[in-house]
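Listed below, chain by chain, are the residues.
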Amino acid sequence: MRVVSGIQPTGNLHLGNYLGAIRNWVRMQDDMPEGGQCLFFLADLHAISMPHDPAALRNGTREMAAALVACGIDPARSILFNQAQVPQHAELQWLLTGTARMGWLNRMTQFKDKSGKNREGASVALFTYPVLQAADVLLYQATHVPVGEDQKQHLELARDIAQKFNNDFAGESDESGVFTLPEPIVPPEAARIMSLRDGNAKMSKSDPSEMARIDLTDDADTITRKVRKARTDAEPLPSEMAGLDERAEARNLVTIYAALAACEPAEVLRQYGGQGFGTFKPALAEVMVDHLAPINARFRQLTGDGEALDAILARGAARARELAQPTLARTYAALGLMRG
């Protein structure tokens, strides 16, 4: 079993990133069967598909590495690296562009969403972004890829590219094909965390209001203040889940509490049903601070030692390059390309 997943280094993680993805990465690492591997990468090559500040990208890459380690990714047990230090990602992307089809890429919803109304002004990198995503996982013969609802389409594309390449270029001596077709992992407990200001919008770092999210770098006072000012309604919490159906903000806070306390939302309502937010919010803030304080402390320690972070990424990249090389060599050979 080999799990591969990446995240863009676009600044500090927030609670939604942690509960929706990163915590499940840590669980996959901890539950990996003997002989299996996890590769987690910082997608800095993907980041240049949109306008960016080079200095901010460099700093963001280090900060994201620190955040992942602080959250529990262990560089001794998982391979943690940034794409730019493993040029095989970009090499394989180019080799796969001969197999990917314009019609497939035209159907990708992410390009439509990110390019907006100015598609002619969007970068070619943004259009071919999904081919690089395919290369990211096919390069390591990934057997499984964690996906949320918004990434299923990209994994399906990776499988389509792998299948077509295998059909077109795998010879009789390579009956299993050049590439493994990765299977999706849909984490069973991936909490969908919404904005503290709008229970119908996902928590996001791009939200103009810092009060809409809990950053993993927030201290205890900041967390408490944000939770206290989180948008709610005037009604007490219900005793059953059905009572949250039309109360998006209340449902979000209950979801967060349950995710941090490792229990079901219904269990939270059994404890706090009938009570107002004047009671529930302080309890939520306490649970949040207790859970995030060690992460915050470890993050600050790591970001104070840039050399140690660079060393972690360099070691991970060296291991990734070693794993990537056989697949890349087989791909060149299958295409009939001569290399020195």
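Participant: Tell me about the overall build of the protein chain, and name the residues and values.
Facilitator: Helix and strand counts for the protein chain come out as 13 helices and five strands. A globule of 340 residues ought to have a C-alpha radius of gyration of about 20 Å, and the protein chain, at 22 Å, matches this closely. Dimensions along the principal axes, computed over C-alpha positions, put the protein chain at roughly 70 × 45 × 45 Å. Here the contacts in the protein chain between residues at least 6 apart in sequence split such that 76% fall between residues at least 24 apart. For the protein chain, the exposed surface amounts to about 16,400 Å²; the carbon and sulfur share of it is 50%.

Participant: So what's going on with the state of the cysteines? Which residues, and what values?
Facilitator: Applying the stated criterion across every chain, the model contains zero disulfides. Left without a disulfide partner, C71 is nearest to the cysteine sulfur of C38, which lies 15 Å away. Classification of C71 by relative accessible area gives buried; the value is 9%. There is no disulfide at C263, and the cysteine sulfur nearest it, in C71, is 20 Å away. The class for C263 is buried, based on a relative accessible area of 18%.

Participant: For the environment of A66, give the residues involved together with the corresponding values.
Facilitator: Relative to the helices and strands, A66 resides in helix α3 (residues 54-71). Along the sequence, A66 and G304 sit 238 residues apart, while their C-alpha atoms lie 9.6 Å from each other. Ignoring anything within four residues of it in the chain, the contact list for A66 reads F299, L302, T303 and L309.

Parameters and conventions
Residues numbered from 1 in each chain as written. Predicted model: local features only at pLDDT ≥ 70, side-chain atom pairs only at ≥ 80, totals over all residues. Heavy atoms only, no water. Helix = DSSP H or I, 4+ residues; strand = E, 2+ residues; numbered from the N terminus. Rg over C-alpha atoms; globule rule 2.2 N^0.38 Å. Contact = heavy atoms within 4.5 Å. Areas by Shrake-Rupley, 256 points an atom, 1.4 Å probe, with all protein chains shown as cover. Disulfide = S-S within 2.5 Å. Buried < 20%, exposed > 50% of the residue type's maximum accessible area, 1.4 Å probe, protein only.

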